[in-house]
Amino acid sequence: MQIKEYNGGEILFKEGDVCDSMFKIVEGSVSVQIKASNGDSVELTTLGKDKIFGEMAVFESWPRSATIVIREDHTKLLEIMRDEIKDFLKEDPQQVKNIITNLSHRQKRLMDDYLHACRTIREMDETKTEREERSDTLLDKITRFVTTYTRTMHYLTPYHLQNNQALDHYYS
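Small disclaimer: the values here were computed from a predicted structure and weren't measured.

A. Region of the structure containing the sheet that holds strand β4 (residues 30-35). Taken in spatial order, the four strands make up an open sheet running β2-β7-β4-β5, and their pairing is antiparallel. Of all the strands in the sheet, the pair left with one neighbour each is β2 (11-13) and β5 (41-47). Pairwise comparison of adjacent strand axes, ignoring direction, gives a mean angle of 30° for this sheet. Bridging between β2 and strand β7 (residues 67-70) involves two bridges; their strand directions are antiparallel. Each residue of the ladder has a partner; that of Phe13, found in β7, is Ile68.

B. Spatial organisation of the packing of aromatic side chains. If you walk through the whole model with that rule in mind, you get three aromatic pairs. A centroid spacing of 6.2 Å and a plane angle of 40° characterise the contact between Phe13 and Phe53, whose relative ring orientation is tilted. Taken together, the positions of Phe13 in strand β2 and Phe53 in strand β6 (residues 52-53) put the pair 40 residues apart, joining distant regions of the chain. Here the aromatic cluster, defined as three or more aromatic residues joined through ring pairs, consists of Phe13, Phe23 and Phe53. Positioned above the aromatic ring of Phe13 is the side chain of Arg64, whose terminal nitrogen or guanidinium carbon lies 3.9 Å from the ring centre.

Cut-off values and rules
- All residue numbers here refer to positions counted from 1 along the written sequence of the relevant chain.
- Note on the predicted model: pLDDT of at least 70 is required for a residue's local features to be given, and 80 or more for side-chain atom pairs to be given and counted; whole-chain, interface and lining totals, by contrast, use all residues.
- Side-chain numbers here rest on the full set of heavy atoms in the structure, without hydrogens or water.
- What makes two strands pair is DSSP finding at least two bridges between them.
- Put simply, DSSP H or I for four residues or longer makes a helix, DSSP E for two residues or longer makes a strand, and each gets a number counted from the N terminus.
- A fitted line through C-alpha atoms serves as each axis, taken over the contacting stretch for helices, and the angle formed by two N-to-C directions is quoted from 0 to 180°.
- Classification of ring pairs rests on two measures: the distance between centres of Phe, Tyr or Trp rings, Trp counted by its six-membered ring, which must be within 6.5 Å, and the angle between planes, read as stacked under 30 degrees, edge-to-face over 60 and tilted in between.
- Sitting over a ring, as applied to charges here, requires NZ of Lys or CZ of Arg to be within 6 Å of the ring centre and within 35 degrees of the ring normal.

Next up, the structure:
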């Protein structure tokens, strides 16, 4: 684990990059961005001191889900390599709760966004005077996704969170 300093405007990594580390912000802030369908960058959020990011890609060996741009000069990040995560979490067990809480908040926001999209599409669909017969409407696809997504949320019950069972396999 080591702390590195970055300047505003630097791109730490890009959406789709292969990775082997996650980061904790020691000082400064970063912008989390994705590419819109028209190619423009869209800022999802800004993260500041003590926030952790990049954990999803590291824990699951997925490509990066977003681009991270440093927002201000002298931003300091602690880089935690995949093989150092176990030690990082043992040194500060509170980080396990922080990571799970962060992931839970992201899932909740995603679910709220999808439910809002479903309601909007349903309202649009109900306003049609004559519904076209289709085997699978956009509403059907989104509803199916939300249903599946909601089922996966039940895995992280309060019992699992209290007992840190969600990340137990990283300690064994």
